[in-house]
Amino acid sequence: LHIKDIAVIGMMSAILIATFLVIGFLPNIELVSLLIILYTLVFGWKAIFIIYTFVLVDGIIYGFGLNWVLYLYVWLILFLIARLFKNLRSPFYWGIISGLFGLFFGAFDSLIYVVIGGVNTGIAHWVAGIGYDVLHCIGNFITALLQTN
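For clarity, every value in this text was computed on a predicted model and none was experimentally measured. (Residues numbered from 1 in each chain as written. Predicted model: local features only at pLDDT ≥ 70, side-chain atom pairs only at ≥ 80, totals over all residues. Heavy atoms only, no water.)

Draft legend 1. Representation of helix α4 (residues 66–84) in the model. Across its 19 residues, α4 extends 27 Å between first and last C-alpha, which sits within 8% of the 27 Å expected from 1.5 Å per residue. When the local axis directions of α4 are compared, the greatest deviation, roughly 30 degrees, occurs at Leu72. Among all positions in α4, only Trp68, Leu70, Tyr71, Val74, Trp75, Leu78, Phe79, Ala82 and Arg83 are buried. (Helix = DSSP H or I, 4+ residues; strand = E, 2+ residues; numbered from the N terminus. Expected span 1.5 Å × (residues − 1). Bend = angle between axes of the 7 residues up to and from the residue. Buried < 20%, exposed > 50% of the residue type's maximum accessible area, 1.4 Å probe, protein only.)

Draft legend 2. Representation of the environment of Tyr52 in the model. Of note, Tyr52 is situated in helix α3 (residues 47–62). Of the residues examined, Tyr52 reaches a relative accessible area of 28% and is grouped as partly exposed. Linking Tyr52 and Val74, residues 22 residues apart in sequence, is a C-alpha distance of 11 Å. Once residues lying within four places of it in the same chain are set aside, the contact partners of Tyr52 are Leu72 and Leu76. Looking at Tyr52, its side chain comes within polar contact range of the main-chain oxygen of Leu72, at 2.5 Å. (Contact = heavy atoms within 4.5 Å. Polar contact = N/O pair within 3.5 Å; in protein donor to acceptor, adjacent residues only side chain to side chain.)

Draft legend 3. Focus on the packing of helix α2 (residues 32–43) against helix α5 (residues 91–117). Packing of α2 against α5 brings their axes to within 10 Å, and their N-to-C directions diverge by 130 degrees. The angle between the axes of α2 and α5 places the two elements in the oblique class. Seen from above, α2 lies across α5 with right-handed handedness. Across the interface between the two elements, Ser33, Ile37 and Leu41 of α2 pack against Trp94, Ser98 and Phe101 of α5. The class makeup of the residues in the contact of α2 with α5 is four nonpolar, two polar and no charged. (Axes fitted to C-alpha atoms, helices over the stretch in contact; angles between N-to-C directions. Parallel < 35°, antiparallel > 145°, perpendicular 65-115°, else oblique. Left-handed = near helix turned anticlockwise from the far one by under 90°. Nonpolar A, V, L, I, M, F, W, Y, C, P; charged D, E, K, R; others polar.)

Draft legend 4. Quick peek at the packing of aromatic side chains. For the coordinates displayed, the defined rule picks out 15 aromatic pairs. Relative to Tyr62, the ring of Phe20 has its centre 6.0 Å away and its plane inclined at 85 degrees; by these criteria the two rings are edge-to-face. With Phe20 in helix α1 (residues 3–22) and Tyr62 in helix α3, this residue pair connects regions lying 42 residues apart in the sequence. Its relative accessible area of 18% is what places Phe20 among the buried residues. (Phe/Tyr/Trp six-rings, centres within 6.5 Å; stacked < 30°, edge-to-face > 60°.)

Draft legend 5. Representation of the environment of Asp5 in the model. Tracing the backbone through its elements, the reader meets Asp5 in helix α1. With relative accessibility at 17%, the residue Asp5 sits in the buried group. Spatially, the C-alpha atoms of Asp5 and Asp58 are 21 Å apart, while their sequence positions differ by 53 residues.

Encoded structure:
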């Protein structure tokens, strides 16, 4: 990495963190997914540094609990999905991808509970949050569609 890369990573991480903090009160309406997709498309593999700077700062601000453990792998999953579909140019398809990611966010979160309490605990946790996952899906779809259009 060059000095310019480090500065850009710092600035993009700051935007990600600030966005997360400013609209964090909204239930499962967020721009983090969109920004991670955009950062992945623009910066390629360097986006990993942005993602994990965000995850580290999130842990410092909110604590290193179960949500933080989720963030260790959930944003990597989104990064890998964005890398896989990096040649897509249609905002509609990015809306679908981001929406599906939001819909399955609770399933990704439930993996922690499978490890801690078993499959039944993980399923119960996922089912209990499906309403929020639907909101997350709709919010991600709309923000991706609006921002990439």
